[in-house]
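Each chain, written out:
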Amino acid sequence: EGQHIKPFGIEMRSFADDSQDFQLLDPNLAIVRTQVLDYFFAQTQIVDDDHFMFAWEHSMDVGPSEESLLDQLCLQVGFERGHTAEYITGQRREVMDNYPELGFFRDIVFILKVFMVPTSDALPEIRAWMPTDAQLQWQYKRKKVKEKGSKEMDVRYFVVKAFERKLKTNYKGPKDKQGQPKSILKKIQELFSTGHPRAPPSGANPSNLVGKDVETEDDILHIRKLPDFGGAITQQNSELLLQFLTVPYLRIPLVLQFFASQEHTQALNETALQEILDCCLFEPGPWHPPK
């Protein structure tokens, strides 16, 4: 059994992290989200790590999966080997002329991952674009880079242009440099420090509401000043509501019961409290792979 007969696939771990704060008002959308994530998870069970193609969010260079697939294709058909990058960009036309579906698949995957960028600054501005503006233009470039105290390095990378700009897929994943999951507050801070967020953070996340890292209800007790949402609720009720928000899934009946009283129903005139209730009810939350 050699590497050329193993299956290839694509991964979308970024979508699992990104979609947990979507407000899915239709239950069918929540089902579709789960089916999409289950589909990509199933690929991880049969596809080797070095056979996931077009991992543009990790590197814009040619990966081992593209090298393997194109080398297999060249051996099968008789194309000249060793020009993987040029075949992918279409600078050498042999592959794309004979297998145009590979180019369509390349573009679909790239656009999908562009949509997963954390800030709207990386996306094309909203205006009346022509269909031809959306056509991706691929190039493969090389340049010499020298860092302090190191030798000169040869850096190679794809450049993709459309909508009169370079497009980037700069999702870094849910882990920091030490390999530990990022805190909710850290992810929120990164969103606002890097530009305008493409989608706002969850309105039902207590860390977002108080501006501090909150994981359990005990963390709420150590915060001196809690939001009163424009005076709509007291500090005591704010503490109670924020504690409810620290327990995903269980928070749904707790928050509904909280707003069921006449006093708190009146408080729903405040837009921020409406947002909290909507997020509790309609955000799917973290996705857990099937066992």
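Cut-off values and rules
- Residues numbered from 1 in each chain as written.
- Predicted model: local features only at pLDDT ≥ 70, side-chain atom pairs only at ≥ 80, totals over all residues.
- Heavy atoms only, no water.
- Pairing = 2+ DSSP bridges.
- Helix = DSSP H or I, 4+ residues; strand = E, 2+ residues; numbered from the N terminus.
- Buried < 20%, exposed > 50% of the residue type's maximum accessible area, 1.4 Å probe, protein only.
- Polar contact = N/O pair within 3.5 Å; in protein donor to acceptor, adjacent residues only side chain to side chain.
- Contact = heavy atoms within 4.5 Å.
- Axes fitted to C-alpha atoms, helices over the stretch in contact; angles between N-to-C directions.
- Left-handed = near helix turned anticlockwise from the far one by under 90°.
- Nonpolar A, V, L, I, M, F, W, Y, C, P; charged D, E, K, R; others polar.
- pLDDT = per-residue confidence, 0-100.
- Parallel < 35°, antiparallel > 145°, perpendicular 65-115°, else oblique.
- Patch = residues over 30% accessible without salt bridge, like charges linked within 9 Å, V, L, I, M, F, W, Y side chains within 5 Å.
- Areas by Shrake-Rupley, 256 points an atom, 1.4 Å probe, with all protein chains shown as cover.
- Salt bridge = Lys/Arg side-chain N within 4 Å of Asp/Glu carboxyl O.
- Lys, Arg positive; Asp, Glu negative; His and termini not counted.
- Charge placed at Lys NZ, Arg CZ, Asp CG, Glu CD.

Caption draft 1: Quick look at the sheet that holds strand S1 (residues 137–146). What the three strands build is an open sheet, ordered S1-S2-S3; its pairing is antiparallel. Bordering the open sheet on either side are S1 and strand S3 (165–166), each of which pairs with just one other strand.

Caption draft 2: Representation of unusual backbone geometry in the model. One non-glycine residue, Glu164, lies in positive phi territory at about 60°. Glu164 gets classed as exposed once you look at its relative accessible area, which sits at 62%. Unlike most non-glycine residues, Tyr249 shows phi in positive territory, near 70°. Within the secondary structure layout, Tyr249 lies in the loop between helix H10 (235–244) and helix H11 (251–260).

Caption draft 3: Molecular detail of the side chain of Thr84. Inspection of the secondary structure puts Thr84 in helix H4 (residues 84–89). Judged by its relative accessible area of 7%, Thr84 is buried. At 2.8 Å, the side chain of Thr84 forms a polar contact with the side chain of Glu67. Filtering out sequence-adjacent residues up to four positions away, Thr84 remains in contact with Val62, Glu66, Glu67 and Leu70.

Caption draft 4: Region of interest: the packing of H11 against helix H13 (residues 271–282). Look at H11 against H13: their axes get within 9 Å of each other, and the N-to-C directions meet at 145°. Judged by the twist between their axes, the crossing of H11 over H13 is left-handed. Facing H11, whose interface residues are Arg251, Ile252, Val255, Leu256 and Phe259, H13 presents Leu273, Leu277, Cys279, Cys280 and Leu281. Residues that form the contact of H11 with H13 fall into these classes: nine nonpolar, no polar and one charged.

Caption draft 5: Molecular detail of the confidence of the model for the chain. Mean pLDDT over the chain works out to 84, with 87% of the residues at or above the 70 mark. For the chain, helix H7 (residues 184–194) is the element with the lowest average pLDDT, namely 45, and H4 is the one with the highest, namely 95. The low-confidence segment residues 171–194 (pLDDT under 50) makes 36 contacts with residues lying over four places distant or belonging to another chain.

Caption draft 6: Highlighting the packing of H10 against H11. For the pair H10 and H11, interaxial distance at closest approach is 9 Å and the crossing angle is 155°. If you check the angle between H10 and H11, you find them roughly antiparallel. Together, Asn237, Leu240, Leu241 and Phe244 of H10 and Arg251, Leu254, Val255, Phe258 and Phe259 of H11 make up the contact between the two elements. For the contact of H10 with H11, a count of residues per class yields seven nonpolar, one polar and one charged.

Caption draft 7: Representation of the pairing of strand S2 (residues 152–162) in the model. As paired elements, S1 and S2 share ten bridges and run antiparallel to each other. Among the inter-strand pairings, Lys144 is bridged to a residue of S2, identified as Asp154. The turn linking S2 back onto S3 is made up of two residues, and Phe163 within it adopts a positive phi angle of 55°.

Caption draft 8: Just a positive patch on the surface, in detail. A contiguous patch of positive charge, built from Lys141, Lys143, Lys161, Lys166 and Lys168, is present on the exposed surface. Positionally, Lys168 belongs in the loop between S3 and H7. For Lys168, a relative accessible area of 54% gives the class exposed.

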